[in-house]
Structures are given as structure tokens and as C-alpha cells.
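# Summary of the model geometry
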Amino acid sequence: MKRFLLLCAIAAIPVTMMAQPGEPQDTSWKKVLRESYPRTNDLVHTKLDVRFDYDKSYMYGKEWLTLQPHFYPTDSVLLDAKGMDIKELSLVKGTAKSTLKYSYDGKQLNVKLDKLYKAGEKYTLYIDYTSKPNELEAEGSAAITDAKGLYFINPKGEDKDKPTQIWTQGETEANSAWMVTIDKPNQKTTEEISMTVPSKYVTLSNGLLLSQKKNSDGTRTDYWKMDLPHAPYLFFMGVGDFVITKDSYKGKEVSYYTEKEYAPYARKIFGNTPEMIKFFSEKLGVDYPWQKYSQIVGRDYVSGAMENTTATLHQESAYQNARQLVDGNGWEETIAHELFHQWFGDLVTAESWSNLTVNESFANYSEYLWDEYKHGKDYADAHNLEDMQGYLGSGSESKNLVRYYYADKEDMFDAVSYNKGGRILNMLRNYVGDDAFFKSLNLYLTTNKFKAGEAGLLRLAFEEVTGKDMNWFWNQWYYGSGHPKLKISYNYDLPGVSRVIIEQTQKSDKVFKLPIAVDIYGTGGAKTRYNVWVDAKIDTLSFNTGSKPELINVDADKILLAEKTDDKTEANFIAQWKYAKNYMDRREALDFFAKKNMPELAKGLKDKFAGLRIYTMQKLAASPYKADPVVLADVEELARTASHKKTKAAAITYLTKNGDAKYAPIFNAAVSDSSYSVAGAALTALATLEPANSYTLAKKYAVDAKGRLGDAVNTILVSQGTEADFEFISKTYNDAPPTQQKIAMTDKFGDYLVKLNDISKIKTGIDYIINFRKMIPEQFRSFVDPGFKKVFDKLATAKGAEIRSYVDSVFK
């Protein structure tokens, strides 16, 4: 699962804050051990025959479920089956069926078998049932906003702007809303699914499509088979009017299911997939293990993306047209993330949600691996910093990476399991070295393939390969919480000796054991590296340097998951910029130059990495050098000639703030650029120079406006627009992904609605805001509802009783 955190700030709210004011906090979960689910019975094979009722949003299912006792003899089985109508439950022997007794509480079936079965003795159940997902009460999370398993999208075709689709979402334990199973991650089963659908639609499921049969009633039955075992939450069904674009890897199908509008861009969006499969297969020494790999984009998806075995589901944000892709594929890291899950999560699956790290931390780190390979180390290190900051800002210091105590399994999908876990793997790779790191991953995968895994098994693999005891690392990072906060200072009082004092200032009593590299640069930049250990509250490291060095660079590889305060001097940072080559070395120097208002900050405009050139412009814009003629000339050159589109856009934005009309020719040339980022920056610039003409400009470029250009057009139209602009403004708001940014958009969208006179349009706008609110899990709504209420109250006050009544009917 690639998290698409609906609201980053909300996702960081601790569970203990979810109680309403005056409501007692429920802390009973702190005493509940979240162990692996007991395996009394094991799934062996799941055979499904399903058809769909689009009018009722029902699925009619027939299922043959084969199981066997795990070890101890048993005469009963407990099955997950959420919100179903059970019509028949029988034991199948050959062609004969015998009815079995069972109890059902709406969530689980407790079935009494016909006899006592021994370990390895298989039995098959037949269940005839109806799945009614829209009648199921299920609560999602900040990462997965709903949990009803089976989703009918626009099933009656009432929304002419939205296709009719069906898709499923199993993680964490929601597939048992549409199939009877033991819905736990430590179960594995092979699978057959026959789907009967209107013949105009295509289907997708796990494994291979082996046959298609046309039926006399205008439907078609597609038969899919997965002959390798995988976890129930990874089962998938997708149905809709998709165009299939096909690639291949070593003779295996690699395919992309998109709506017709985006079929011409499918290869540009997903086309790196075969290369990714090759790269990951070679890095891991384990070739892609499944029969095929498909990716499908679903409407109204409840998360970011999901690694269903051989059939990954993406949300609509994956869709990008040619102009968006000019700025770079914004979904590329998600594609890598979900693909890596085919090994870490699907081939070897976390035995419990407590051990989610062996799924999600690896998928998170795969983004770094792919970035490093495809786009270079600077690009990967920038992503590493972004993810680290995501963890550091999440308020999750008290959470262990492996957590056996939590309020809800959905809580595991957080910045600890993802961001922090990925950074821990980066430190582990640095500590043991590349060869040992990837050989250890190979051993973990090959030893546990088609089985469940956990952090302890991962440790054993690393110990087997490296010959090192790794308990200290696992106890500290996997079974412990927090991160070091380091205060680094220097002393040169002793002749010929340089001392580094590293103090751990975190408030807890925990002291981290940290293997780090220290690079010492002598006169002229000659570098000597020392590999040292920091393992005390205050460590003093002494180095015989002869003379005072130009720079001592602590954590020289810049891999520590830590907060650092480094007491370097101006001369030290100038030397760091000059000699130390890592992305973070240069960024730290730029931060210091900016903080101290040093002219050296402008050096970043010439950096080799586009990300740091952009970062430098952002820093310069707030510095005393923002209008320096040399700086302006360099930025103007970037605005004119930069091939990297986001750099060009950043340069135009910088010149806009300068307010000089002499740059108008640059802006006029750029506003028609193929890049939405460049065009959007230029439109904003022209609107700033010519405010009276901004509305006309916005209308002109609204015809094809997405991304930053869409934002620029929308900002102008929301401010100055009329009734005639409703379609563009409302669609822009409604189509915006449900992020923190959309909350800010909501207030401005409400201000625009106040200006309208057409009541039907106002009500449509209110509906769009309510639709956004519905995407927010109920447990988080109390944190955003005051903002929604403010917007609605403003509308009701301005528009009178009819709107007040309408608001009261939909906002509860």
C-alpha cells in the first residue's frame, strides 16, 4: 500500500487525541498483545464464481473453499465473512454436498465440521452468498479511507462524467466483505475466480486470464487462475471499460489498464515498469516470481495504490497527460513502491500487522533504490530527506517500528512503518555494505518465499550473511522508538589534535549506538576517513590532525536518521560546499549561507542538481541578495534557457517577485510552454504585471490547464470569476486530490460560491465540498469540520433560508 495520506497533519494525530473533549480516553489497547493470528486451520485453495448486480450494488457469489488443519486436529473452522447473506454452507465430497451447522454474527462464520480432521487432511466447503458492501458499516483510516472491500463506482451510470467500474481493496482485512476466507496476513492460498460481467467491460484479477466465455444474456464469463499461494488481502477484482496497453518482461505480460482518454499516455506513465522489474530482480537476485504484472487505475480509489499480487491498483492521480509528464512522472516512485511489494509483501508477507515493516519499509525504500539507479544519487538523497522530514514532523517518536500494541491495525500505516522504516534500511545498507545488504535480502526472500515473514527472520538473514550479531541494531531500531538528537561541537585546544564532541540530547534516557563515518579535510581538501562508533550520552572523538583541518564532516555519508545541531564555522561550511560532495553536504552549506546572509548562497544557482538550484532560488528570494544584479542575471539566464522545466518555472517565479516589467518577454514566451509548471508560473507572472488583464489571460489558458497552470487559472478565476466560470472552477475543486492543499482550496471555493446567484450551482458546489468531507475517515472529521462549518455558515448567511436548509440537510 502506497499511503496517500488524505491529510498529512491529521494522519500525525496520536490515537490518544481522537477522543472528543470531555470524553474519556480508551487506553485498553495498551494491554492487548497484537500477536500473529492463530493458525488452527490453513487455507489451501479458493475458487470463486461471481456476478454483479449493478442496480443494487450487490455481488452474488458461489465459493469452494479448501482448508486443512494446521497441526492440531479440529472439528470446526472460524471464517471471516462481513455483512453477507449466507444462503447455503455445505461440505463437498466428490459430487455430494452435505449441509453443515454454523453460527454467524455478521462478521464471522463459526462452522461445525462433519468430523475431527487431522493435520494435512483437506476438506472443501461450499458457500452460496450475497455480498452487500454498501450496507456494511466499516471504518477506514487516514491511509485507507474506507474498508468495505468491494466498490461499485457509478454503477447505474447516473454520473455522465464518470465511468462505471468495480474494484476491490483488501488491505487490511476487507476482502472478507466479498469472499469467505480467513482474512489474516499469515494465511496463503491459491485461487480461481470466474467473473460474469457485461460483455462491453474487461476484467482484471490475480494470475492469468485462461478463458473467456460469451453468454446468451449479453454477459461474458472470464476465468482467472493464480496457481501460486498468496494472502487473502491481496486478492483483486477489477471491472470496467479499460484499454489494455501491453509490454513484456522475459516473455511475461506487463500490462496497463487505463481509461480510453489516457491510453495514449499509458506507456509514458507506466512504461518504466519492465526496466524496474529487471532492476529489482537483479538487485535482489530473485527474479520476478509471478505469472504476469498488470497495473490498473480506478476511479474514487480509497488510498494511493495497492500491491494486489500481479494486479496493482492505482488511484486517479496516476493519470498524467503529455504536458504533465514534461515536468517528470509524478507517479514514478509509487509505481516502484507497489512493484517492490511483489517481493516484500506478496512473495513474503508480514505475519501480522505488528510486523508491517517487512512489507512497507521495504516498499518505501525501493523508491530510493529506483531513484538512485534511474535519476542519480542526488535525486535519491533529496527523496530520502523528504521522507525523513515526513517522519520527524509526524509526532511519532514514541512508536516502535515493530509494534505489538496498538489501538487499531490501521494505525500501523503511518510515518514509522513507511518513512522511518525506509531510513532504517538506508542506515543498515550503509553499515553492512551493498553486497551484504542485497545478499541478506536474497536469503530472507528465498528462505521465506510463499510464507509469512517478520523482523526477527530478517535479522537472522543478515546475521547469516554478515557473520555479525545484529541484535543491537534490531533492538534499537526495530523494537525501540525515537531517534537521536545530536549536538556536535569541536575543540582544537590541544596542539595537533582535533576533537569532536557529540552529545545525545534526546529527552529519553535511551542512548543510541551509532556507527558513523567522519571525514577530515586538511589543507587543500585532502580527505581522511575515520569509521567510528558513538554510543554514549557524550562522546569525545580525538584525531591526530597535525594542523587545524579545514573541515571535519561528521556523518560524512549523511545517512543517520537524526536531528543534528552542528557547530561548524563559516569557514567550515565554505569548505564543506567546496569539498564534500553529497546532496546533504551542499544543502547544509546552503542553509548556513542563507541563515547568515552570506553571498556564497548564490553559488547554489550553479549546482549540478536541479533540486538544489530550485532550493537556492527559494532561499535567495528571502535574502538580502534577492535583487543583486549578478543574482538576477543568473536567474534570468535560467528562466530563458534551463532545460529542466521545474527549474525554469522556479526562475520565472523568482523574477515575478522582482516586479520588473523588463521580464515580460520571458513570461510571454513561457506562458505557452509545453510544461504546465512553466506556463503556470508565467501566467502568474503576467497577471502580476498586468492585474487588469489577468481575468482575460486566465480565460484564454483555461482550455488546457492542469497542474500549476490549472492552479494559476483557478486562483484568478476564483478571485475574479463569474457565474460563467462555474464549470471550470467547480471541476478543478472536485477533481483535486484529497490532500491538505484541498482544505485551503475549500475556503476560497466557498468565497466564490458566495458570489453566485444560481442556487442550483451553489448546491452543486456544496455537494462537492460534502463529497470531499466524506473522503475523510469519521474519526478525523472533528479536526476539519470547524473549517467546513465556517464555509457553510458564510454561504447560508449570504444566501438565505434555502441554502441554510440545504446545508443542514447534508452537513451533519
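First, a word on scope: everything that follows refers to the structure included in this document.

Rules behind the numbers
Residues numbered from 1 in each chain as written. Predicted model: local features only at pLDDT ≥ 70, side-chain atom pairs only at ≥ 80, totals over all residues. Heavy atoms only, no water. Helix = DSSP H or I, 4+ residues; strand = E, 2+ residues; numbered from the N terminus. Buried < 20%, exposed > 50% of the residue type's maximum accessible area, 1.4 Å probe, protein only. Contact = heavy atoms within 4.5 Å. Areas by Shrake-Rupley, 256 points an atom, 1.4 Å probe, with all protein chains shown as cover. Lys, Arg positive; Asp, Glu negative; His and termini not counted. Charge placed at Lys NZ, Arg CZ, Asp CG, Glu CD. Expected span 1.5 Å × (residues − 1). Patch = residues over 30% accessible without salt bridge, like charges linked within 9 Å, V, L, I, M, F, W, Y side chains within 5 Å. Salt bridge = Lys/Arg side-chain N within 4 Å of Asp/Glu carboxyl O. Axes fitted to C-alpha atoms, helices over the stretch in contact; angles between N-to-C directions. Parallel < 35°, antiparallel > 145°, perpendicular 65-115°, else oblique. Nonpolar A, V, L, I, M, F, W, Y, C, P; charged D, E, K, R; others polar. Pairing = 2+ DSSP bridges. Phe/Tyr/Trp six-rings, centres within 6.5 Å; stacked < 30°, edge-to-face > 60°. Polar contact = N/O pair within 3.5 Å; in protein donor to acceptor, adjacent residues only side chain to side chain.

## Points about the overall build of the protein
- Counting secondary structure elements, the protein contains 26 helices and 29 strands.
- In the protein, buried positions account for 57% of the 812 residues.
- In the protein, once contacts between residues fewer than 6 apart in sequence are set aside, the share between residues at least 24 apart is 68%.
- Total accessible area on the protein is roughly 33600 Å²; 50% of this is exposed by carbon and sulfur atoms.
- Between the centroid of the 106 positive side chains of the protein and the centroid of its 107 negative side chains there is a distance of 1 Å.

## Thoughts on helix α22 (residues 740-754)
- Spanning 15 residues, α22 covers 23 Å between terminal C-alpha atoms, matching the ideal 21 Å at 1.5 Å per step.
- Taken residue by residue, α22 has K742, M745, T746, F749, G750, Y752 and L753 as its buried positions.
- Where α22 is buried, its residues touch α20 (707-720), α21 (726-735), α23 (759-774) and α25 (785-799).

## Concerning a negative patch on the surface
- Among the surface-exposed residues, E158, D159, D161 and E727 lie close enough to one another that they form a single negatively charged patch.
- Within the secondary structure, E727 is located in helix α21.
- Classification of E727 as exposed rests on a relative accessible area of 65%.

## Looking at the pattern of salt bridges
- A complete count under the given rule lists 52 salt bridges for this structure.
- When the shortest N-O distance is used, the salt bridge between K246 and E253 registers 3.9 Å.
- Overall, the relative accessible area of 27% leaves E253 in the partly exposed class.
- What emerges from the salt-bridge pattern is a single network uniting D378, R586, D607 and K608.

## Quick word on the packing of α23 against α25
- Running from N to C, α23 and α25 point in directions that differ by 170 degrees, and their axes come no closer than 11 Å. One element, α23, and the other, α25, form an angle in the roughly antiparallel class. Contact residues: I762, I766, I769, I770, F772 and R773 in α23; D785, F788, V791, F792, L795 and K799 in α25.
- In terms of residue class, the contact of α23 with α25 is built from nine nonpolar, no polar and three charged.

## As for the sheet that holds strand β18 (residues 293-297)
- If you walk across this open sheet you meet the five strands as β16-β17-β18-β20-β19, and the pairing is mixed. Where the open sheet ends on each side, the last strands, each with one partner, are β16 (243-249) and β19 (305-306).
- In the sheet, strand β17 (residues 252-258) pairs with β18 via four bridges, with the strands oriented parallel. Paired with S255 across the bridge in β18 is S294.
- In the packing of helix α3 (residues 273-284) onto the sheet, contacts are made with β16, β17 and β18, and the angle to β16 comes to roughly 35 degrees.
- The strands touched by helix α5 (residues 332-340) are β18, β19 and β20 (311-314); relative to β20, the strand with the most contacts, the crossing angle is about 145 degrees.

## As for the sheet that holds strand β10 (residues 165-168)
- One open sheet accounts for four strands, arranged β9-β10-β15-β12; its pairing is antiparallel. The two strands at the open ends of the sheet, each matched to only one other strand, are β9 (150-153) and β12 (202-205). Neighbour to neighbour, the strand axes of the sheet diverge by 15 degrees on average, direction disregarded.
- Where β9 meets β10, four bridges bridge the pair, whose relative direction is antiparallel. Bridging across to β10, L150 finds its partner in T168.

## What about the environment of S675?
- Relative to the elements of secondary structure, S675 occurs in the loop between α17 (664-670) and α18 (676-689).
- Residues S675 and L33 lie 642 residues apart in sequence; the distance between their C-alpha atoms is 52 Å.
- Those residues in contact with S675 that sit more than four places away from it in its chain are R323, V326, D327 and K645.

## Focus on α21
- Where α21 is concerned, the buried positions are F726, F728, I729, S730, T732 and Y733.
- Contacts from the buried residues of α21 go to α20, α22 and α23.

## Focus: the packing of aromatic side chains
- According to the stated counting rule, one finds 47 aromatic pairs in the structure shown.
- Taking the centre distance of 6.2 Å and the plane angle of 75 degrees together, the rings of F52 and F152 count as edge-to-face. Note that F52 is positioned in strand β1 (residues 41-53) and F152 in strand β9, a separation of 100 residues in sequence.
- A relative accessible area of 11% places F52 in the buried class.
- Here F152 falls in the buried class, since its relative accessible area comes to 9%.
- An angle of 25 degrees between the planes, with centres 5.2 Å apart, marks the rings of F340 and F344 as stacked.

## With respect to the environment of S98
- Mapping S98 onto the fold places it in strand β5 (residues 96-99).
- The exposure class of S98 is partly exposed, given its relative accessible area of 34%.
- When near neighbours in sequence (up to four residues on either side) are disregarded, S98 contacts S90 and L91.

## So, unusual backbone geometry
- Note that the residue after E171, namely T172, is joined by a cis bond; omega there is 10 degrees.
- For T172, the position within the fold is in the loop between β10 and β11 (189-198).
- Notably, K250 is not glycine yet its phi reads approximately 50 degrees, a positive angle.
- Position of K250 relative to the elements: it lies in the loop between β16 and β17.
- The phi dihedral of K558 is positive, around 55 degrees, even though this residue is not glycine.
- Structurally, K558 is set in the loop between β28 (551-554) and β29 (563-566).
- Using a relative accessible area of 11% as the deciding quantity, one classes K558 as buried.

## Some words on the pairing of strand β27 (residues 538-544)
- Only one face of β27 is buried: it carries D539, L541 and F543, and the other face, with I538, T540, S542 and N544, is open.
- Where strand β24 (residues 497-504) and β27 come together, seven bridges link them in antiparallel fashion. Across the sheet, the residue bridging to R499 is S542, located in β27.

## Some words on the side chain of H45
- Within the element layout of this structure, H45 appears in strand β1.
- Within polar-contact distance, the side chain of H45 engages the side chain of T190 at 2.6 Å.
- Among the polar contacts made by the side chain of H45, one reaches the side chain of E192 at a distance of 2.6 Å.
- Ignoring sequence-local partners within four residues, the contact set of H45 consists of W64, L65, T66, T189, T190, E191 and E192.

Bear in mind that shape data such as this cannot, by itself, settle questions of function.
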